[in-house]
Amino acid sequence: MALNDSTTNDQALLDAQRELWHHTFGYMKSMALKAALDLRIADAIHHHGGAATLPQIATRVALEPSKVPCLQRLMRVLTVTGVFTVLGHQPADDNGDGDEHVAAYGLTPASRLLVGSPSVSPFLALMLDTSFVSPFFGLGTWLQQGKLPPDQSLFEMAHGKKPWDLATRDPAFGSLFNEGMAADSGFIMDIVVRECADVFRRVGSLVDVAGGLGGAAQAISKAFPDVKCSVLDLPHIVADAPAGTDVKYIAGDMFQSIPAGNAIFLKWVLHDWGDAECVKILKNCRKAIPPREEGGKVIILDMVVGAGPPDLKHRETQVLFDLFIMFVNGIERNEQGWKKIIFDAGFSDYKIIPVLGVRSIIEVYP
């Protein structure tokens, strides 16, 4: 074997090792982000006008002094991975380390979403909570099933109950869950009513199915005052609904029936269910709306795997979230998957509008 062949083979082995290491330590990105959320580092930088030195951040987050070098290493990961940025150097203040100049950290478009309004921090805190992360340590066991019930989800295997049941029984987790879902609604619906305004125009009435405390419906009602908005959810959820809004709350079960409306809205609902359950929900939606020529339609806000930009980060985020939602036996469908359940439910046509990042709006017509 020629020397250069040996070198090439060694380089290929080292590249392969690097690839495996990159996967192996990928979870450190998530844990670094979780630490940033726990310490409220973005708020600390924001407090200092969008540029803060390491000593300023350490003081603001009440860091143990001996851990400042560790914070620097954490910030290195968070800047290399694009959560924060290094703005350069500025004079040290009274909390400085004695150097004439120290690095200043700033916010990126990503970390700006962690402060102010809308903030996605509560949603990320939920996604990175131990209760959501720990089930994946048993993913291999769950896939093999063994003595587990075939329909038991990965979350149930770890915690003995479904996440929404845990949210009902555990007040702390319930608060985390509700705040996370509300934060996501607040963020995405601000964009929906701007980017997808035509979807809601000429809609006389809309029912937000499994709409929780009505964050999405309230955003639609505020942006389109002519649309009469209602929320359908289970009785114990409706019991906690806010008063004094223009949104009507209806206690019920989407698997039984859905109140009549010109449009039915399903935000991040169908990805929690298998095809048979989704077809049942969609059939109930079809019964609740008028014919297409009279403006009847179902509006779905969900992920369409493969829709949107072709870049690697976009595609990777979609398939990673699909693997994540599997922990409740959910699925993020590609267009063929959506087409199947839509047509199996008796609808005649649909249109995908991929303008919501990794998610899309799907208009479904009877």
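Residues numbered from 1 in each chain as written. Predicted model: local features only at pLDDT ≥ 70, side-chain atom pairs only at ≥ 80, totals over all residues. Heavy atoms only, no water.

An unreviewed UniProt entry lists the chain under the name O-methyltransferase ZRP4, from Urochloa decumbens. UniProt lists a comment for the chain under the heading Subunit (unreviewed entry), and it reads "Homodimer." (UniProt positions renumbered as here; feature names shortened; annotations may be inferred.)

Interhelical geometry of helix 12 (residues 171–195) versus helix 14 (residues 215–223) gives an angle of 30 degrees and a closest axis separation of 9 Å. Here helix 14 runs roughly parallel to helix 12, going by the angle between their axes. Crossing hand, helix 12 versus helix 14: right-handed. Taken together, the residues of helix 14 that come into contact with helix 12 (itself represented by Ser 185, Met 189 and Val 193) are Ala 216, Ala 219, Ile 220 and Ala 223. Split by residue class, the contact of helix 12 with helix 14 holds 6 nonpolar, 1 polar and no charged. (Axes fitted to C-alpha atoms, helices over the stretch in contact; angles between N-to-C directions. Helix = DSSP H or I, 4+ residues; strand = E, 2+ residues; numbered from the N terminus. Parallel < 35°, antiparallel > 145°, perpendicular 65-115°, else oblique. Left-handed = near helix turned anticlockwise from the far one by under 90°. Contact = heavy atoms within 4.5 Å. Nonpolar A, V, L, I, M, F, W, Y, C, P; charged D, E, K, R; others polar.)

Our focus in this paragraph is the packing of aromatic side chains. All told, the structure shown has 18 aromatic pairs when counted by the stated rule. Judged by centre distance (5.8 Å) and plane angle (35 degrees), the ring pair of Phe 123 and Trp 268 falls under tilted. Placement of Phe 123 in helix 7 (residues 121–127) and of Trp 268 in the loop between strand 7 (263–267) and helix 16 (275–288) is noted, with a sequence separation of 145 residues between them. With centroids separated by 5.0 Å and ring planes inclined at 75 degrees, the aromatic side chains of Phe 132 and Phe 327 adopt a geometry described as edge-to-face. Of this pair, Phe 132 sits in helix 8 (residues 130–133) while Phe 327 sits in the loop between helix 17 (312–325) and helix 18 (335–344), and the two are 195 residues apart along the sequence. Note on accessibility: Phe 132 and Phe 327 belong to one class, buried. Taken together, the ring pairs connect Phe 123, Phe 132, Phe 136, Phe 155, Phe 173, Phe 177, Trp 268, Phe 321, Phe 324 and Phe 327 into an aromatic cluster. Stacked on the ring of Trp 338, the Lys or Arg Arg 333 has its end atom at 5.7 Å from the ring centre. Just above the ring of Trp 268 sits the side chain of Arg 359; from NZ or CZ to the centre is 4.3 Å. (Phe/Tyr/Trp six-rings, centres within 6.5 Å; stacked < 30°, edge-to-face > 60°. Buried < 20%, exposed > 50% of the residue type's maximum accessible area, 1.4 Å probe, protein only. Lys NZ or Arg CZ within 6 Å of the ring centre and 35° of its normal.)

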